[in-house]
Amino acid sequence: MEMTERAGSKVVKAIKDRPVMLSTLWIFATLNYIYADVFSLYFLPDAQKASLGMASGSVLGFALLMETSIAMVLLSRVLKYRLNRWLNIIIAVIHTALVGWSLFGAVPAPYYIMFASVEILCTLFIIIYAWKWRQQEA
């Protein structure tokens, strides 16, 4: 993201700190993932029954998926440019695809469509923002 300020007749470009912005976007996405899950467990009794019947391997898979978004909050701030950029792109692509996939099958509740839309937009923004990141900004 670029912001411009007028200083006399000069236009000064200030580029926001991408690692901080990416970390903040991962916080936003993760909070949406959590709230969508909380709403499902609280408002849909069938979701509670389904979650109790899940195999431990499936639960571990979902836990690992959630851990990637949580880990990206920290990793976006501490990794060096190249790994940071590519890991943000790869993890965001995985999350975008899986959330998109979750919208197919049974008809999702309206609140879930809203959360999923926000999550998808956020991870798409992460992909684009990381893709446009050039090393001289780092």
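In this report, we go over the structure that sits alongside the text.

A short note on the overall build of the protein
Looking only at helices and strands, one finds five helices and two strands in the protein. Reading the helices (α) and strands (β) of the protein from amino to carboxyl end gives β-β-α-α-α-α-α. Looking at the protein as a whole, 31% of its 138 residues are labelled buried.

Some details on the nonpolar core
Soluble globular proteins tend to bury their nonpolar side chains together. With 26 residues, the main nonpolar core has Leu 22, Trp 26 and Ile 126 as its most contacted residues. With ten residues, the top contributor of residues to this core is helix α5 (residues 110-131). Contacts of Trp 26, omitting those with residues within four sequence positions, involve Ser 69, Met 72, Val 73, Ser 76, Asn 88, Ile 91, Ala 92, His 95, Thr 123 and Ile 126.

Details of the packing of helix α1 (residues 18-43) against helix α4 (residues 81-102)
Viewed as axis vectors pointing N to C, α1 and α4 meet at an angle of 20 degrees, and their least axial separation amounts to 12 Å. Classified by the angle their axes make, α1 and α4 are roughly parallel. Of the two elements, α1 crosses α4, and the hand of that crossing is left-handed. Across from Pro 19, Leu 22, Trp 26 and Tyr 33 in α1, the residues of α4 making contact are Asn 84, Asn 88, Ile 91, Ala 92, His 95 and Val 99.

Let's talk about α4
Here α4 is 22 residues long and its end C-alpha atoms lie 32 Å apart, about the 32 Å a rise of 1.5 Å per residue gives. Regarding α4, the residues found buried are Tyr 81, Asn 84, Arg 85, Asn 88, Ile 89, Ile 91, Ala 92, His 95, Thr 96, Val 99 and Gly 100.

Thoughts on the packing of aromatic side chains
Scanning the entire structure with this criterion turns up five aromatic pairs. Measuring from ring centre to ring centre gives 5.2 Å for Tyr 81 and Trp 133, while their planes differ by 90 degrees; the resulting arrangement is edge-to-face. With Tyr 81 in helix α4 and Trp 133 in the segment after α5, this pair connects stretches of sequence that are 52 residues apart. This pair shows no difference in class: Tyr 81 is buried, exactly as Trp 133 is. An angle of 85 degrees between the planes, with centres 5.7 Å apart, marks the rings of Trp 86 and Trp 131 as edge-to-face. Placement of the pair is Trp 86 in helix α4 and Trp 131 in helix α5, with a sequence separation of 45 residues. An aromatic cluster of at least three residues, connected via ring pairs, comprises Phe 39, Tyr 111 and Phe 115. The ring of Tyr 129 carries Arg 18 above its face, with NZ or CZ at 4.2 Å from the centroid. Cation over ring: Arg 85 sits above Trp 86, and NZ or CZ is 5.2 Å from the ring centre.

Parameters at a glance
- Residues numbered from 1 in each chain as written.
- Predicted model: local features only at pLDDT ≥ 70, side-chain atom pairs only at ≥ 80, totals over all residues.
- Heavy atoms only, no water.
- Helix = DSSP H or I, 4+ residues; strand = E, 2+ residues; numbered from the N terminus.
- Buried < 20%, exposed > 50% of the residue type's maximum accessible area, 1.4 Å probe, protein only.
- Core = buried A, V, L, I, M, F, W, Y, C linked by side-chain atoms within 4.5 Å.
- Contact = heavy atoms within 4.5 Å.
- Axes fitted to C-alpha atoms, helices over the stretch in contact; angles between N-to-C directions.
- Parallel < 35°, antiparallel > 145°, perpendicular 65-115°, else oblique.
- Left-handed = near helix turned anticlockwise from the far one by under 90°.
- Expected span 1.5 Å × (residues − 1).
- Phe/Tyr/Trp six-rings, centres within 6.5 Å; stacked < 30°, edge-to-face > 60°.
- Lys NZ or Arg CZ within 6 Å of the ring centre and 35° of its normal.

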